[in-house]
Structure formats: structure tokens, C-alpha cells
Amino acid sequence: MADSAVFVYEGTDRAGKKTKGSITGVNAQSVKVELRKQGINAKKVTKKTESILAKLGSAGGKVTSTDVTLFTRQMATMMKAGVPLVQSFDIVADGLDNPKMRDLVKAVRADVSAGNSFASAIRKHPDHFDELFCNLVDSGEQSGSLETMLERVATYKEKTESLKAKIKKAMTYPISVVGVACIVSGILLIKVVPQFEEIFAGFGAELPAFTQMVIGLSEFAQTYWFAIVLAIAAVVVSLGQVLKRSEAARNFLDRLLLKLPIVGDIINKSAVARFARTLSTTFAAGVPLVDALRSVAGATGNIVYSSAVEKIADDVSSGTQLTFAMRATGVWPNMVMQMTSIGEESGSLDEMLDKAASYFEEQVDNSVDSLTDLMEPIIMSVLGVLVGGLIIAMYLPIFQLGAVVGGDSH
């Protein structure tokens with residue numbers, strides 16, 4: 001698909017008055033057609049060129065999933081208030097701070113204005129609107145309940161983003177603190193320990209073994225600190241590239257994370273919550289169960305659960321009841337299977353899955369809080385051992401010297 005661009009136009013309106021402005025479009029011809037629909041006879045249409053400074057300024061911007069979530073919520077609010085779809089795009093775009101997101105909304109708006117459906121317009125931007133999002137919007141348009149569907153999608157994305165933020169908090173907090181501890185220790189080894197080493201050189205006595213070990217570590221750090229930093233950076237970049245390019249590596253990491261103590265439990269619960277939330281949203285939107293399961297598979301965020309959902313979809317398509325198909329995979333908690341069974345029997349599967357999702361999201365929230373509370377004393381202990389150990393190693397010779405001088409004076 002061709003990328004949209006901004007075009008500057010000059011022409012006359014219906015009253016014959018001269019008018020000019022800018023509009024988003026794929027090419028000059030499509031822009032002229034769109035302007036004609038708006039009652040403007042375009043005399044001149046040229047593609048707007050960005051200055052180097054403008055390009056540099058906008059290059060830093062990036063469309064995040066949070067931006068898409070906010071856009072969805074705002075569109076749902078506008079449409080529920082009775083604002084027409086195209087006008088809703090204009091109002092939402094004007095209120096966006098991220099220039100990249102604003103350009104994306106304008107591109108979608110241009111496609112919709114040209115007569116395309118909302119779903120087909122966002123399908124041109126798969127990096128920002130996944131298949132599940134597009135399918136739900138498509139379902140809403142076909143059933144004539146787009147505003148209700150956007151409301152559901154907005155709620156779904158908000159809860160998903162909240163869940164992601166909790167997982168991120170659980171993973172990044174200990175890593176960042178340990179990283180800071182390593183940096184502080186490195187600075188002490190490279191900058192502070194050598195100062196003490198100069199003082200100890202004039203003692204003329206053998207240093208304690210612990211102090212000698214720290215001084216040796218300091219000399220190594222001073223000599224090879226640049227190589228150490230480069231090696232760490234190379235390992236991080238290499239791992240990133242391997243995970244990006246190798247599906248086998250990503251699958252291995254997914255399975256490994258599930259087996260980790262504490263963190264693995266949080267990831268398990270979050271995958272179950274995503275499954276229940278996504279299936280509830282798609283099924284409530286009127287998407288057939290097998291199609292809904294196919295869409296859900298990619299939303300669980302983990303290969304173990306994704307594979308399980310694919311197997312469930314295959315079993316359900318061949319006539320197996322959803323609860324039995326879930327039990328056969330052996331990865332779902334009993335509580336989810338019971339809620340699913342009740343939902344199937346009572347004809348309220350979407351409501352029961354919604355309740356299950358809320359329960360597991362709360363469980364993730366509690367687990368993250370517990371992890372944070374547990375990690376704080378552990379991290380403080382690690383920091384105390386690292387920094388305190390270095391300080392003790394440096395002051396041991398001084399204490400020994402004081403004891404020797406005290407003993408001599410007696």
C-alpha cells in the first residue's frame with residue numbers, strides 16, 4: 001500500500017472564492033478527487049516537503065500502543081456523543097501531542113474520507129493496528145454498532161496496557177536497582193579504591209587478604225573497564241538480535257520465563273488474564289468462537305499459551321466442547337475452566353470470561369506488589385554487601401594499624 005503524504009492545495013470553493021490549505025492523501029489525483037467531494041475546485045496541488053529540521057524533530061516521535069489505546073478511547077467517546085466518523089478523526093487528531101500519531105490518524109481519516117471502511121483503512125497500518133483490532137472494528141461496522149465496538153476495544157486495550165505495565169514493573173524494578181548497584185560498585189573500584197591504595201603503599205605492612213582481593217579487582221577494573229563495558233553491550237545487543245530474528249530463541253525464552261520462581265507465576269497469570277479478556281471481547285463482539293480463538297492465540301504473549309489456544313481452536317472446530325478442549329491442553333487453571341464451563345452451559349461465556357479476566361488481573365496486581373515488597377529488602381541487602389564490603393575492605397588496614405599503634409603504646 002502507498003504511504004499517505006501531506007499535500008498543499010490552492011483553488012476555489014463553491015462560491016468561487018479563492019481558498020488554500022493542506023490535506024493528507026496518497027497522490028495528487030486522489031487529493032483532487034477528495035477536494036472535489038468537499039466542493040473545492042483545486043487549481044494547484046503539490047506535495048508538502050518537510051525541512052531537514054522538521055524531519056529531525058519528528059524522527060524522535062514513535063507511535064506506541066498507549067497512543068493507539070488513547071486514540072481508540074477518544075474515538076469511542078466522540079462516536080457515542082453522536083459526532084460523525086470523519087469529524088471524530090479531525091477532533092482527535094487536533095488533540096494529539098505525538099506528531100507521528102497525528103499523521104497516522106490523518107492518514108486513516110483520508111482513507112475513510114475517500115470512501116473506504118474504517119477497518120480497511122486501519123488494515124493498511126499493521127504495525128499499529130493488529131489483526132484482532134481490525135477484526136473487531138470490521139465486526140462493529142458490519143453490525144452497525146461501531147461506537148459500541150470501539151467502546152469495547154478501548155476498554156480491552158486499556159486493561160491490556162494496564163496488565164503490561166504491571167509486568168514491566170515486576171521485571172524492570174529489580175533489574176534497574178541491581179544495574180545501579182553495579183555502576184556504583186564500578187565507580188568505587190575505579191575511582192575510590194586507588195586513592196586508598198596509595199595510602200596503603202606507605203604502611204609497609206602486609207594488607208589483609210580481603211583488602212588485597214578488592215585492590216586486585218580494582219586494578220583489573222581500571223585496566224579492562226572499557227573492554228568489560230563493550231563485552232556487556234555486545235552481549236545485550238547480540239541477545240536482542242537473536243531474540244528478534246530467531247523464533248526458536250523466543251520460544252525458549254518464553255518457556256524459561258514460565259519456570260522462573262515468582263516471576264514465572266506472574267507471567268502465567270497474565271497470560272491467562274489476556275486469554276480470558278481477549279476471548280471475552282471477541283466473543284461478545286459476535287465473532288464465531290473458532291475465529292475468536294484464532295485471534296486470541298497471538299494475544300496471550302507466550303508461546304506455551306499461544307500453542308495451547310491454537311490446539312483448542314482445532315479441537316473446537318472439529319466439534320469438541322470448549323471446556324474439554326481447554327482441559328486437554330493441561331495449561332489452564334481449574335478456576336478458568338470452571339468459569340468457562342458455567343459460561344457455556346448458561347449461554348453467558350463472554351460474561352464469565354470477563355469475570356475470570358478481572359480476577360486474574362487482580363491476582364497479577366497483588367503478585368507484583370508482593371514481589372516489590374519482597375525484592376526491596378533483598379536488593380537493600382545486595383547493595384549493603386556490595387558497597388559495604390568495599391568500604392570494609394578499605395578500612396580494615398586502617399583498623400589494624402590503629403590496633404597495632406594502640407598495642408605499641410601500651
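Every value quoted in this text rests on a predicted model; they were computed, and no experiment measured them.

## What to know about the overall build of the protein
Inference 1: Each helix and strand in the protein was counted, giving 16 helices and 3 strands.
Inference 2: Since a compact globule built from 410 residues should have a radius of gyration of about 22 Å, the 30 Å found for the protein marks it as more spread out than a globular shape.
Inference 3: Principal-axis analysis of the C-alpha atoms gives the protein an extent of 110 × 65 × 35 Å.
Inference 4: In the protein, which comprises 410 residues, the proportion classed as buried is 39%.
Inference 5: Put simply, 59% of the contacts in the protein that link residues at least 6 apart link residues at least 24 apart.
Inference 6: Per element, the accessible surface of the protein, about 22,600 Å² overall, is 59% carbon and sulfur.
Inference 7: Looking at the protein, you have 41 positive and 43 negative side-chain charges, and the mean spots of the two groups are 11 Å apart.

## Here we look at the packing of aromatic side chains
Inference 1: Overall, the coordinates contain 10 aromatic pairs when judged by the stated rule.
Inference 2: Consider the rings of Phe220 and Tyr224, whose centres lie 5.0 Å apart with planes at 45°: the pair is tilted. Of this pair, Phe220 and Tyr224 both sit in helix H9 (residues 209-245), 4 residues apart, which is roughly one turn of the helix.
Inference 3: Judged by its relative accessible area of 45%, Phe220 is partly exposed.
Inference 4: Pairwise contacts between aromatic rings join Phe71, Phe89, Phe118, Phe129 and Phe133 into one cluster.

Definitions and cut-offs
Residues numbered from 1 in each chain as written. Predicted model: local features only at pLDDT ≥ 70, side-chain atom pairs only at ≥ 80, totals over all residues. Heavy atoms only, no water. Helix = DSSP H or I, 4+ residues; strand = E, 2+ residues; numbered from the N terminus. Rg over C-alpha atoms; globule rule 2.2 N^0.38 Å. Buried < 20%, exposed > 50% of the residue type's maximum accessible area, 1.4 Å probe, protein only. Contact = heavy atoms within 4.5 Å. Areas by Shrake-Rupley, 256 points an atom, 1.4 Å probe, with all protein chains shown as cover. Lys, Arg positive; Asp, Glu negative; His and termini not counted. Charge placed at Lys NZ, Arg CZ, Asp CG, Glu CD. Phe/Tyr/Trp six-rings, centres within 6.5 Å; stacked < 30°, edge-to-face > 60°.

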